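Topology and contacts: notes
In case you want the letters, here they are:
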Amino acid sequence: MAHITLITAGSRGDIQPYIALGRELQARGHTARLATHSIYADWIRGHGLEFAPVEGDPMAALQQQHGREWVETGRHGRNFLRGFRQFIDPLLHQATADTLAAVAGTDIILFSAVAFYVAYSVAEKLGLPFVQTYLQPITPTREFPSAIYPTRRQGGGIYNYATHAMGGYLIWLQLRPLLNDIRREMLGLRPFSLLGPFPRIFQGGVPGVHGFSPTVLPKPRDWSDAVFVDGFWFLDENDYAPPPPLAEFLAAGPPPVYVGFGSMTGNDPERLTRLTLDALARSGQRAVLLSGWAGLAEGDLPPAVLRLDSAPHGWLFPRMAAIVHHGGVGTTHEGLRAGVPNVIVPFFGDQPFWADRVHALGVGPRPIPQEELTADALADAIRAAVSDRTMRARATAIGECIRAERGAAAAADVIERYLAQRPGFMDGLR
């Protein structure tokens, strides 16, 4: 049995799937340690995993002015990249030191896309094998445009591939000077070349396990046999008991609409709350409003709206008539697994990508980018999600397919196969 360290960073939705994957690995007799921000320590340990701290407090960062402005960059790729660098630059030195400490005694590293830049160099320094474990489609493909450098333009194979190359490369160019300083000064490694580590990764057969559903996004035909797409890593909390106000609200009328934007605050959460309440009133729907990090609904609400601080999506969403959210990969998959239509208001990053997938699958109305959001537009989308029989039937079918997938178990199968081959499968990277 192996000691496995999973490294990730970001909001709650960026952490939860890795808890699910860690639990699956631990159920097979391995020891799983999750290295991430300290604000999640109790949550992670509560699921029986080891915890190791890595620098950063995403909640605090997103509530600062530059964090709110970053959230509002939408599909403007260059502004998103500049905001990403402003967010991550101050953390990289300490995050590298923390990651070095976190992987002490481990046999293999699993890392997310956000943790890639630090974790890859640490793995190289210590000679540790690793598996890429991503929630987004990172490997370039001709079949669809980049999820991390979103664009509204629809193009052919060459254009799609170029958006992947451009998105990854522009992030790399922004971070390369600082990362090379860290490699030289802290790790004693050679600096990266202008192309970085990507040719070795994409051409060297390094395993890549993707935690998204093939029902939502099938594996591209031009990805190698070393890249896997077998399903989202759901974390079910089967012992959840709803608080009395929630249980009473659900029993008092027809299924409500869920509204929640997670960690997406923007510069004016009060306006977002007013607009949401106005849209709900115009659509004539009851609603459960999850405040989340966005700080929604800090005031009196009409009787038809219940405010919650938190509730497990896996329990709550199947009891809803529709799900209104920001399009984060985790919330999107939970919404689709529930078998109900999704209304997506994407803010930035990969959210527009998942919003477009939901619409293309016929399980949600056309997305409403946050910069175009109005009460009328949101009310129209909610009405369509609740009343469109074709959309609802399609959502039911998609939900059945996703519930049949075994994402965390399939990912663990891949990881165990590569563990059995260690250390040989790292030879292509040396």
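Residues numbered from 1 in each chain as written. Predicted model: local features only at pLDDT ≥ 70, side-chain atom pairs only at ≥ 80, totals over all residues. Heavy atoms only, no water.

Topic: the sheet that holds strand β3 (residues 50-53)
In spatial order, the strands read β3-β2-β1-β4-β5-β6-β7; together these seven strands make up an open sheet with parallel pairing. Two strands lie at the open edges of the sheet, namely β3 and β7 (227-229), each paired on one side alone. Between one strand axis and the next, the sheet turns by 20° as a mean value, whatever way the strands run. The strands touched by helix α17 (residues 407-421) within the sheet are β1 (3-7), β4 (108-111), β5 (130-134), β6 (208-210) and β7, with β7 carrying the most contacts at an inclination of about 160°. (Pairing = 2+ DSSP bridges. Helix = DSSP H or I, 4+ residues; strand = E, 2+ residues; numbered from the N terminus. Axes fitted to C-alpha atoms, helices over the stretch in contact; angles between N-to-C directions. Contact = heavy atoms within 4.5 Å.)

Description of the pattern of salt bridges
Across all of its chains, the model carries 15 salt bridges by this definition. With a closest N to O distance of 2.5 Å, R383 and D380 form a salt bridge. Remark: D380 and R383 occur in helix α15 (residues 375-387); sequence separation between them is three residues, near one turn of the helix. Given a relative accessible area of 44%, D380 falls into the partly exposed group. (Salt bridge = Lys/Arg side-chain N within 4 Å of Asp/Glu carboxyl O. Buried < 20%, exposed > 50% of the residue type's maximum accessible area, 1.4 Å probe, protein only.)

Digging into the pairing of β5
Of all five residues in β5, five are buried, a share of seventy percent or more. Going residue by residue along β5, you find F130, Q132 and Y134 tucked away on one face and V131 and T133 tucked away on the opposite face as well. Bridge analysis of β4 against β5 gives three bridges, and the strand direction is parallel. Opposite L110, over in β5, you have V131 as the bridge partner. Between the parallel pair β4 and β5, the chain is carried across by helix α7 (residues 116-126), and the sense of this crossover is right-handed. Examined bridge by bridge, β5 and β6 share three bridges and lie parallel to one another. (Right-handed = clockwise from strand over helix to strand, strands pointing away.)

A closer look at helix α16 (residues 389-403)
Taking 1.5 Å of rise per residue, the 15 residues of α16 would be expected to cover 21 Å, and the 21 Å separating its terminal C-alpha atoms lies within 8% of that figure. The set of residues buried in α16 consists of M391, A395, I398, G399 and I402. The buried residues of α16 occupy an angular sector of 105° when projected down its axis, which confines them to one face. Those residues of α16 that are exposed and angled more than 90 degrees off the buried face are R389 and T390. Buried residues along α16 sit against α13 (329-337) and α15. Where α16 begins, one side-chain oxygen reaches toward the backbone nitrogen of T390, 3.0 Å away; that side chain belongs to D388. (Expected span 1.5 Å × (residues − 1). Arc of directions from axis to C-beta. Polar contact = N/O pair within 3.5 Å; in protein donor to acceptor, adjacent residues only side chain to side chain.)

Structural notes on the packing of α7 against helix α8 (residues 157-185)
The interhelical angle for the contact between α7 and α8, taken along N-to-C directions, is 45°, at an axis separation of 11 Å. Our classification of the angle between α7 and α8 gives oblique. As α7 packs across α8, the resulting crossing turns out to be right-handed. Where α7 approaches α8, its residues Y117, S121 and E124 are matched on the opposing element by G168, I171, W172, L175, L179 and R183. Its residues assigned to classes, the contact of α7 with α8 comprises five nonpolar, two polar and two charged. (Parallel < 35°, antiparallel > 145°, perpendicular 65-115°, else oblique. Left-handed = near helix turned anticlockwise from the far one by under 90°. Nonpolar A, V, L, I, M, F, W, Y, C, P; charged D, E, K, R; others polar.)

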